[in-house]
Amino acid sequence: LKACKAELEAKYPAVQVRTEIVDFSKFGVKDTSRISEVLSSIEVGVLVNNVGISYAFAQWFDELTDAEVQSLISLNVESTTWMTRAVLPGMLQRQRGVVVNMSSAAARSPLPLLAQYSAAKGYIENLTRSLAAEYATKGVAFQCQSPLWVATAMTFPGSKVPIDERATLLTPSATTFARASVARIGNGVMVSPYWAHGVYCWAVQHLLPDWLMIRLALKLHKQVRFHPKNKQKMEEKKTK
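Residues numbered from 1 in each chain as written. Predicted model: local features only at pLDDT ≥ 70, side-chain atom pairs only at ≥ 80, totals over all residues. Heavy atoms only, no water.

Looking at the environment of F142
Inspection of the secondary structure assignment puts F142 in strand β3 (residues 140-145). Setting aside its immediate chain neighbours within four residues, F142 contacts T84, L88, V99, T128, L131, A132, Y135, G188 and V189. (Helix = DSSP H or I, 4+ residues; strand = E, 2+ residues; numbered from the N terminus. Contact = heavy atoms within 4.5 Å.)

Here's what the structure looks like:
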């Protein structure tokens, strides 16, 4: 956070940057009250809920540990829910504001062996659509952005290729995606801001039936699950 703050202040001297340390793996009512108090002196115009976690690799649901199951709920579902609760009263009082929730293309169709991640992102999508309808006449807008892959260290763990060189047509760099993402804020409720991701999401929803997507996902994720390095990881996981 300190490094990010310094980078922003160096690039944009006129912008004030504040940071707050939050553990979103253990975020609840008390934390919401604390954040609400921290933000009480700030007019939050845009909240971007971008906290999330996926599986370490594709696995059957029963292979996940209790801690992994809880993390998938806490980081993907609870963080967005409680942070929205923290800023919404101020936005309603001012009758303006935008909440942007980051989902995933993984929510657009069933994903065997990534079931809980897909389900958690589905929660984000339906929460956003519902809240957008609730507050449409009260000056507060809600938007859900559903990307596919973005070239980051998290997307390609263990890769020896420099992060900036990992980008492809379907996997934009973080900078490219961020520009597309910011450009779409306030424009539509359900969006996939990077154009190639938008084409994919449209195809999944309008052209490809669920049975085909499930078959393709199951085949791909089984290959990931039984990759030699992941088989070894699973054996190590079982011994613990």
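Overview of the sheet that holds β3
Strand order in this open sheet of four strands is β1-β2-β3-β4, and the pairing throughout is parallel. Each having just a single partner strand, β1 (46-49) and β4 (190-191) make up the two edges of the open sheet. As judged from the two bridges shared by β3 and β4, these two strands associate in the parallel manner. What sits directly across from C144, in β4, is M190. Where helix α4 (residues 115-134) meets the sheet, its contacts fall on β2 (97-102), β3 and β4, and the angle it forms with β3 comes to roughly 155°. In the packing of helix α5 (residues 174-184) onto the sheet, the strands contacted are β2, β3 and β4, and the crossing angle to β3 comes to about 150°. (Pairing = 2+ DSSP bridges. Axes fitted to C-alpha atoms, helices over the stretch in contact; angles between N-to-C directions.)

Details of the packing of aromatic side chains
One pass over the structure, following the stated rule, counts four aromatic pairs. Ring centres of Y135 and F142 lie 5.9 Å apart, and the angle between their planes is 35°; on these two criteria the pair is classed as tilted. Accessibility assignment for this pair places Y135 and F142 in one class, buried. Sitting over the face of the ring of F226, R225 holds its NZ or CZ atom 5.0 Å from the ring centroid. (Phe/Tyr/Trp six-rings, centres within 6.5 Å; stacked < 30°, edge-to-face > 60°. Buried < 20%, exposed > 50% of the residue type's maximum accessible area, 1.4 Å probe, protein only. Lys NZ or Arg CZ within 6 Å of the ring centre and 35° of its normal.)

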